[in-house]
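Chains, contacts and geometry: an overview
Now for the letters of each chain:
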Number of protein chains: 2
Amino acid sequence: MRSRGHENVGASVGFAGDEADERRLAWVYLSRVVQGPCAALSALIERVGVVEAARAVRECDLPDSLRGPTEQRRGIDCAERDLESILGSGGRVVTPDDPEWPAWRMLGLGQLDSARDPGAAVPLVLWVRGPRSLLTASEQALAVVGARCSTGYGERVTAEIVGDLAPRGWTIVSGAAFGIDGAAHRAALAAGAPTIAVLACGVDRPYPASHARLLAEIAETGLVVSEYPPGTTAHKHHFLARNRIIAALADGVLVVEAGLRSGARNTVKWARRLGRPALAVPGPVTSASSVGCHRMIREGEAVLVGRAEEIIDEAGPLQLSLPADAPTPERSLDGDEALVYAAIPRTGARIPLELSGESGLPLPSVRAALAALDLAGLVGCDESGWFRVAPGGR
Amino acid sequence: MRSRGHENVGASVGFAGDEADERRLAWVYLSRVVQGPCAALSALIERVGVVEAARAVRECDLPDSLRGPTEQRRGIDCAERDLESILGSGGRVVTPDDPEWPAWRMLGLGQLDSARDPGAAVPLVLWVRGPRSLLTASEQALAVVGARCSTGYGERVTAEIVGDLAPRGWTIVSGAAFGIDGAAHRAALAAGAPTIAVLACGVDRPYPASHARLLAEIAETGLVVSEYPPGTTAHKHHFLARNRIIAALADGVLVVEAGLRSGARNTVKWARRLGRPALAVPGPVTSASSVGCHRMIREGEAVLVGRAEEIIDEAGPLQLSLPADAPTPERSLDGDEALVYAAIPRTGARIPLELSGESGLPLPSVRAALAALDLAGLVGCDESGWFRVAPGGR
């Protein structure tokens, strides 16, 4: 049985008392200094630890690559006040030290090439409002995003798909925007399913303003999440960075409607780089709100889906088709093998080039991972490509 | 300038007087004997000539493989009467000896593996009504097929796409059925574009009966075509065989709407085996009449398209994007190289496995053809796959 309860929220792992507090304050301080993804800072923390990294930033004892990103706000040390403020408003900060930190979900972000895209970094912390554990709530999750200018058709399809996924234990992740985002959250709330809203501003700021009531409802039963500290207003580049967290927190990204210049395409890009399936719902070719979906399908960026069953086929965990007591290979894999395995759909086959595109890994790494997975008996290969082998034979 | 006129119809190539007549009677006799594709008979004709093949059938001087298919009707020799009857009704028979025989179009059918599918054979003759040359009318053609139970949406999209292709010199090929077929023919007639109806019965039989007037209109300005001799009624298996001719006569097959068990999928199968692009128009996922299109797109059997421009991108001749005086590589290629070249889209790249699927050729043949095309400077290769190189550089 899976627990969806609020477990050990706020407690630290492996750090007790003062040390835990010191680390938490360091995370919070750095979160306010950089406000968003900063691969150079993540690398420094990885190397010297968060407390030492915070000291280095505070004293400007930094390599050139970190002077710029920290310059503007390194003098602002309001970590204690930030912590008090978020706790006072019923929220909390979740750091990589916390048991509810969705470490597995964030793995992919840390493995992307940050030289190619400086936005490809694990968030330092996540500011959270809501009663659920972020870890368990995101255990089986679908991101549902799309056009702000949605149509009745798109909203209806969103409600139907979310309504079909909800009783099967899926969490719906979205961005709380007008249109499809809002429809997805509302459908999840209506179905009693957990829903996670990832914001591009502080979790204390209702954005868009007219969604204040929707966000309050989500915070009551689901989760409102942001990497931006309380009080931060939404800037344009925040939305692009936010989209990577939406993609990371889910097993796949579904776009229901999208215009030609929709931000949903950016979320899909993150999904693909993270090795998550990108899915899109088609619509009438006469509808401007489906043009973006059609382009993504046509150009091979997203797979066409129309029903919950097809979504589960693409994004669902392998164990759904297995006996309840069968081992789930994903859980025991890590690194490139986990990414490549995740990129192979439950049904059908993929060639290494496609797996490279899906997983974001270079072709030689994909081939190496396939060989290892083959030896482990988890995948097989025929003329149509590589496919998953269910435990006990295909 | 391309001629769309009625050129040399009825005249024979390279056979004069009595010999031409003898051959024509032999083709017509055999057409009535086998009524539909018969790869074994095509092979015999290839080996011994049509006149000798007709003698062998008439006298039952045959290998076992041909006794069955010819048994029922080899005693019926009404070739002269058939010829008189079709000419009397203003039609004609087009044989591979005739200048208007679309030899290039039929090439692919003759190259398919008839052991795998006995239906994969070039039609012996085509019975034709209408003022156009079959060769020139099918020079630049799109097959538009789909659900008999079409919706207003599907009919509107059909009319729009056909209306956009018509002024660009495209012929519309379809099967004269209810629904999308009828809408496609009507839109072509309305736009003054040539349209070809390929029937599963004799060209003197209006099928479906309530399309008698539509077929009469098509026969006035376009072409009504069948491989079945006059008087033949439509049988179920005729429709599947007919679909291969629809696919063969066109540069690509477009499915506008299709239910889950639509015959359009069979036409798409033929298109793929012939190396022609298979295209499908999406629609609302709530529409039963789009389910088949969505499945074909989802499973990679067809490419999603929504507008005439996208169709031309996939099915259009290369020269559209080149200066008018540029050479057209397709015209100078043949065999596997032509099939592989045709399988590479005008924009974007394909990997050999995909080209194998598209062209119906085994992987080693695809690789050999790519090497030859590369040497000829017609294709290039990068990490995304093989792409076309326009003369004078990409």
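What you are looking at is a predicted structure, and each value in this text was computed from that prediction instead of being measured.

**Quick look at helix H18 (residues 363-375) of chain A**
Residues and elements named next belong to chain A. Between its first and last C-alpha, H18 extends 18 Å over 13 residues, near the 18 Å set by a 1.5 Å rise per residue. Looking only at H18, the buried set comprises Val366, Ala369, Leu370 and Leu373. Projected down its long axis, H18 shows its buried positions confined to an angular sector of 105°, all on one face. Opposite its buried face, H18 presents the exposed residues Pro364 and Leu375, each directed more than 90 degrees away. Buried-residue contacts for H18 involve helix H16 (335-343), helix H17 (352-359), strand S10 (379-382) and strand S11 (385-388).

**As for the domain arrangement of chain A**
It is common to give the size of an interface as the accessible area lost on bringing the parts into contact. On domain assignment, one finds that chain A holds domain 1 (17-128), domain 2 (130-316) and domain 3 (320-388). Each of domain 1 of chain A and domain 3 of chain A was reduced to a C-alpha centroid, and the two centroids are 33 Å apart.

**Some points on the relation of the copies chain B and chain A**
When chain B is fitted to chain A, the residual RMSD is 0.1 Å, and the transformation amounts to a turn of 180° plus an axial shift of 0.0 Å. The symmetry that links the two subunits is that of a two-fold axis. Minimal C-alpha separation from the rotation axis in chain B is found for Gly283 of chain B, amounting to 2.4 Å. Interface overlap between copies: 100% of the residues of chain B at the interface are likewise at the interface in chain A, consistent with a symmetric, same-surface contact.

**Some words on the nonpolar core**
Counting 78 residues, the largest nonpolar core has Ile196 and Val255 of chain A together with Ile196 and Val255 of chain B as the members making the most contacts within it. Each residue touching Ile196 of chain B, except ones within four places of it in the same chain, is listed here: Leu134, Ala137, Ser138, Thr171, Ile172, Val173, Ser174, His185, Leu223, Val225 and Leu249 of chain B. In terms of nonpolar packing, the next biggest core, distinct from the first, is built from 36 residues, Ile45, Val57, Val125 and Ala176 of chain A among them.

**Some details on the side chain of Thr95 of chain B**
Residue and element names in this part refer to chain B. With respect to the helices and strands, Thr95 occurs in the loop between strand S1 (91-94) and helix H6 (103-111). Among the residues examined, Thr95 registers a relative accessible area of 0% and is labelled buried. Not counting residues within four places of it along the chain, the set of residues in contact with Thr95 comprises Arg24, Trp27, Trp101 and Val125.

**Concerning the interface of chain B and chain A**
With 22 residues of chain B at the interface, the matching set in chain A holds 22 residues. Of the roughly 1,800 Å² buried between chain B and chain A, counting both surfaces, carbon and sulfur atoms make up 67%. Of all residues in chain B, Val285, Arg298 and Leu304 of chain B give up the largest surface area on contact with chain A, accounting jointly for 38% of the area buried on that side. Between chain B and chain A we count 6 salt bridges in total. Note that Glu314 of chain A is salt-bridged to Arg298 of chain B, the shortest N-O span being 3.5 Å. Between chain B and chain A we count 4 residue pairs in polar contact (both at pLDDT 80 or more) in total.

**Examining the side chain of Asp82 of chain A**
Following the sequence through the fold, Asp82 of chain A ends up in helix H5 (residues 79-88). Beyond its immediate sequence surroundings of up to four residues, Asp82 of chain A is in contact with Val28, Arg32 and Trp127 of chain A.

**Let's talk about the state of the cysteines**
Under the counting rule described, the total for this entry stands at 0 disulfides over all chains. With no disulfide of its own, Cys60 of chain A has Cys38 of chain A as its nearest cysteine by sulfur position, at a separation of 13 Å.

**Regarding the pattern of salt bridges**
Within this structure, the stated rule accounts for 42 salt bridges over all chains. The partner of Arg298 of chain B in a salt bridge is Glu310 of chain A, and the shortest N-O contact between them spans 3.8 Å. In this pair, Arg298 of chain B sits in helix H13 (residues 291-298) while Glu310 of chain A sits in helix H14 (residues 308-315), so the two residues belong to two different chains. Residue class for Glu310 of chain A comes out buried when judged on its relative accessible area of 15%. Through salt bridges that share partners, Arg168, Arg307, Glu309, Glu310, Asp313, Glu314 and Arg346 of chain A together with Arg298 of chain B make up one connected network.

**Comments concerning the sheet that holds strand S9 (residues 303-304) of chain B**
Residues and elements named next belong to chain B. Spatial strand order, S1-S2-S6-S5-S4-S3-S7-S8-S9: 9 strands in an open sheet with mixed pairing. The sheet is open, and its two edges are formed by S1 and S9, each paired on a single side. Sheet analysis places strand S3 (residues 141-145) next to strand S4 (residues 171-174), joined by 3 bridges and oriented parallel. Following the sheet pairing, Ala143 is matched in S4 by Val173. Along the sheet, helix H12 (residues 264-273) makes contact with S3, strand S7 (252-255) and strand S8 (278-280), crossing S7 at roughly 155°.

**What about the packing of aromatic side chains?**
According to the stated counting rule, one finds 2 aromatic pairs over all chains in the structure shown. Pairing Tyr207 of chain A with Phe239 of chain A gives two aromatic rings, centres 5.8 Å apart and planes at 55°, and the pair type is tilted. Placement of the pair is Tyr207 of chain A in the loop between strand S5 (195-198) and helix H10 (212-221) and Phe239 of chain A in helix H11 (residues 236-248), with a sequence separation of 32 residues. Classification of Tyr207 of chain A by relative accessible area gives partly exposed; the value is 41%. One Lys or Arg, Arg58 of chain B, reaches over the ring of Tyr29 of chain B and ends 4.5 Å from the middle of that ring. We note Lys269 of chain B situated over the ring of Trp270 of chain B; from NZ or CZ to the ring centre the distance is 4.9 Å.

**Let's talk about the pairing of S7 of chain B**
Residues and elements named next belong to chain B. Side-chain alternation along S7 places Gly252 and Leu254 on one buried face and Val253 and Val255 on a second face that is also buried. Pairing geometry for S3 and S7, over 4 bridges, is parallel. When the sheet's bridge partners are listed, Val144 is paired in S7 with Leu254. When S7 meets S8, the two strands line up parallel, connected through 3 bridges. Bridge pairing in S8 places Val253 opposite Ala278.

**Points about helix H11 (residues 236-248) of chain B**
Of all 13 residues in H11 of chain B, 10 are buried, a share of seventy percent or more. Taken together, the buried positions of H11 of chain B are His238, Phe239, Ala241, Arg242, Asn243, Arg244, Ile245, Ile246, Ala247 and Ala248 of chain B.

**So, unusual backbone geometry**
Between Tyr207 of chain A and the following residue, Pro208 of chain A, the backbone shows a cis peptide bond with an omega angle of -5°. In this structure, Pro208 of chain A sits in the loop between S5 and H10. Backbone geometry places Cys60 of chain B, a non-glycine residue, at a positive phi of 55°. Mapping Cys60 of chain B onto the fold places it in the loop between helix H3 (50-58) and helix H4 (64-71). The backbone of Ala176 of chain B shows a phi angle near 65°, a positive value even though the residue is not glycine. Within the secondary structure, Ala176 of chain B is located in the loop between S4 and helix H9 (180-190).

**Quick word on the environment of Arg242 of chain A**
Residues and elements named next belong to chain A. As for its position among the elements, Arg242 is in helix H11. Through-space distance from the C-alpha of Arg242 to that of Leu199 is 6.7 Å; in sequence the pair is 43 residues apart. Discounting chain neighbours no more than four positions away, the residues touching Arg242 are Gly175, Val198, Leu199 and Ala200. Within polar-contact distance, the side chain of Arg242 engages the side chain of Asn243 at 3.1 Å.

The rules behind these values
Residues numbered from 1 in each chain as written. Chains lettered and ligands numbered in written order. Predicted model: local features only at pLDDT ≥ 70, side-chain atom pairs only at ≥ 80, totals over all residues. Heavy atoms only, no water. Helix = DSSP H or I, 4+ residues; strand = E, 2+ residues; numbered from the N terminus. Expected span 1.5 Å × (residues − 1). Buried < 20%, exposed > 50% of the residue type's maximum accessible area, 1.4 Å probe, protein only. Arc of directions from axis to C-beta. Contact = heavy atoms within 4.5 Å. Domains from an automatic or database assignment. Least-squares fit on C-alpha atoms with pLDDT ≥ 70 in both. Core = buried A, V, L, I, M, F, W, Y, C linked by side-chain atoms within 4.5 Å. Buried area = accessible area lost by both parts, 1.4 Å probe. Salt bridge = Lys/Arg side-chain N within 4 Å of Asp/Glu carboxyl O. Polar contact = N/O pair within 3.5 Å; in protein donor to acceptor, adjacent residues only side chain to side chain. Disulfide = S-S within 2.5 Å. Pairing = 2+ DSSP bridges. Axes fitted to C-alpha atoms, helices over the stretch in contact; angles between N-to-C directions. Phe/Tyr/Trp six-rings, centres within 6.5 Å; stacked < 30°, edge-to-face > 60°. Lys NZ or Arg CZ within 6 Å of the ring centre and 35° of its normal.

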